[in-house]
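Chain and residue survey
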Amino acid sequence: MNFSDIGRVGAIEALYEGTPYKAFDKYGAALESGSQAVTRCKLMLEGTDFNLVYFPLKHLGYKAVTIGVGQIYAALAHPDAMDITIGVSAKLDYPQIKELWEGMVVAAKEHGLKHLGLDLVPSRNGLSIALATSGHADRLQVARRPKPQSKDLICVSGPLGAAYLGFSLLEQGAADYEKNRTAPDLDRYKMIVGAYLKPEIEADALTKMEDLGIVPSAAYLADRGLADVLKQLVRDTGLGAKVYADKIPFEGNTFELGKKLDIDPVSAAFNGGEDYRLVFTIPILKMEDFRHNLQTFDIIGHLAQNDVGAVLVTPEGVEMPVHSQGWKDDDDEEE
């Protein structure tokens, strides 16, 4: 099938066949008493956010939805619905969009979305994906959220830096293929490449914490690197933040690949971006429950007095100020 054969409406109806979602569903969430709505938006552009030379379309669809629900989790809310608008460029036809959509449906089902809306529009500037995600937060949980305190633990939901290294390896491979027509050998680093192409977020992490009575004092989605998160954390809490270099989790072969690409993995973790990990601050009194029941998370640091600022502590105990793109270092205000 091609778009010219079935048209826009027929294409959308065909994409929904075999999924648990309905085409053109006018979804309106009826929030339960005691809940409040949370919404987030995201735009992904070809050439800026992804390169179709090496990005499998099914992985791209999965990643797009994962990013959308990750924004809701970072608001300490549960995702309910997502509306997606795909800008279709002339080089893509129905089979390619179907592949993209299949990845979106897989991720939507994993995260329990009740509604997945879709529209298709033409694009003259390459493939684009616009996401509007909504969810709900329990008002009682919101009211119970503790005020951030010095010594609250900084926790991250998985390895950092791998996505940027995977992206760099793919970009290098694409350049080599363009020049020499030789495909790169990615098998040795497939976990690192996968961290960029298909990031995953634990769907029930927030529910586990709620069941345990653990309420984070702050929460973020690490999409622009850990440095950006720490800057936000210091700005929002009025406190300092310390992260310890030897506590940062890394994928296997990360340092080997970093040496090959001449990229410091710690720098990749702080400034590389694209990891899409959840970062929570947890009251220190909840440390044992948290460590025992949420073992996919790593404790990498803690909040501190406000005069500390955002710092990286080396294994030798040296405290290095954290810098992040998009921030003014003189007054810690976003540009």
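Right above here is the structure, for reference.
Procedures and definitions
Residues numbered from 1 in each chain as written. Predicted model: local features only at pLDDT ≥ 70, side-chain atom pairs only at ≥ 80, totals over all residues. Heavy atoms only, no water. Helix = DSSP H or I, 4+ residues; strand = E, 2+ residues; numbered from the N terminus. Rg over C-alpha atoms; globule rule 2.2 N^0.38 Å. Buried < 20%, exposed > 50% of the residue type's maximum accessible area, 1.4 Å probe, protein only. Contact = heavy atoms within 4.5 Å. Areas by Shrake-Rupley, 256 points an atom, 1.4 Å probe, with all protein chains shown as cover. Lys, Arg positive; Asp, Glu negative; His and termini not counted. Charge placed at Lys NZ, Arg CZ, Asp CG, Glu CD. Expected span 1.5 Å × (residues − 1). Pairing = 2+ DSSP bridges. Axes fitted to C-alpha atoms, helices over the stretch in contact; angles between N-to-C directions. Parallel < 35°, antiparallel > 145°, perpendicular 65-115°, else oblique. Left-handed = near helix turned anticlockwise from the far one by under 90°. Nonpolar A, V, L, I, M, F, W, Y, C, P; charged D, E, K, R; others polar. Salt bridge = Lys/Arg side-chain N within 4 Å of Asp/Glu carboxyl O.

**Let's talk about the overall build of the chain**
Looking only at helices and strands, one finds 11 helices and 13 strands in the chain. Relative to its length of 335 residues, the chain is compact, with a C-alpha radius of gyration of 21 Å against a globular reference of 20 Å. Projecting the C-alpha coordinates of the chain onto the three principal axes gives extents of approximately 65 × 60 × 40 Å. Sorting the 335 residues of the chain into buried and exposed places 51% on the buried side. Considering only residue pairs separated by 6 or more positions, the chain has 84% of its internal contacts joining residues 24 or more positions apart. Looking at the chain as shown, the accessible area adds up to about 16,300 Å², and 48% of this sits on carbon and sulfur atoms. Charge separation in the chain, taken as the distance between the mean sites of 34 positive and 49 negative side-chain charges, equals 2 Å.

**Here's the deal with helix α2 (residues 57-73)**
Compared with an ideal rise of 1.5 Å per residue, which puts 17 residues at 24 Å, α2 spans 24 Å between its outermost C-alpha atoms and is within 8% of the ideal. A large share of α2 lies buried, amounting to 15 of its 17 residues.

**Describing the environment of D49**
Secondary-structure assignment places D49 in the loop between β1 (35-45) and α2. Judged by relative accessible area, D49 falls into the buried class, the value being 18%. As a C-alpha pair, D49 and V234 span 185 residues in sequence and 27 Å in three-dimensional space. Sequence-distant contacts of D49, that is, excluding residues within four places in its chain, are made with L43, M44 and Y196.

**As for the sheet that holds strand β5 (residues 153-156)**
Strand pairs in the sheet, formed through backbone hydrogen bonds, run parallel or antiparallel to each other. Taken together, the seven strands give an open sheet; going across it, the order is β6-β8-β5-β9-β7-β10-β11, and neighbouring strands pair in mixed fashion. Since the sheet does not close on itself, it has two edges, and those belong to β6 (218-222) and β11 (319-321), each with one partner. On average, each strand axis in the sheet is tilted by 25 degrees relative to the strand beside it, whichever way the strands run. Relative to strand β8 (residues 277-282), β6 runs antiparallel, the two sharing five bridges.

**Quick word on the side chain of T133**
The residue T133 is located in strand β4 (residues 128-138) in this model. Given a relative accessible area of 1%, T133 falls into the buried group. Non-local contacts of T133, meaning those with residues more than four positions away in its chain, are made with V38, T39, R40, G68, V69, I72, A81 and M82.

**Re the packing of helix α1 (residues 3-16) against helix α3 (residues 94-110)**
Packing of α1 against α3 leaves a shortest axis separation of 11 Å and a crossing angle of 15 degrees. Here α1 lies roughly parallel to α3, going by the angle between them. Here the hand of the crossing between α1 and α3 comes out right-handed. Contacts between α1 and α3 involve F3, I6, A11, A14, L15 and Y16 from the first element and Y94, I97, K98 and W101 from the second. Each residue belonging to the contact of α1 with α3 can be placed in one class, and the counts come to nine nonpolar, no polar and one charged.

**Description of unusual backbone geometry**
The phi angle at F24 is positive, at roughly 55 degrees, despite the residue not being glycine. Turning to its location among the elements, F24 is positioned in the loop between α1 and β1. Owing to a relative accessible area of 40%, F24 belongs among the partly exposed residues under this scheme. Positioned with a positive phi, N253 is a non-glycine residue whose angle comes to about 70 degrees.

**Considering the packing of α2 against α3**
Running from amino to carboxyl end, α2 crosses α3 at an angle of 40 degrees, the nearest separation of the two axes being 7 Å. As far as their axial angle goes, α3 and α2 are oblique. Every pair of crossing elements has a handedness; the one defined by α2 and α3 is right-handed. Of the residues in α3, those in contact with L57, K58, L60, G61, Y62, V65 and T66 of α2 are Q96, E99, L100, E102, G103, M104, V106, A107, A108 and E110. Split by residue class, the contact of α2 with α3 holds nine nonpolar, four polar and four charged.

**Points about the pattern of salt bridges**
Summed over all chains, the structure comprises 11 salt bridges. Between K198 and E200 there is a salt bridge whose closest N-O contact spans 3.0 Å. With a relative accessible area of 26%, K198 lands in the partly exposed category. Classification of E200 by relative accessible area gives partly exposed; the value is 47%.

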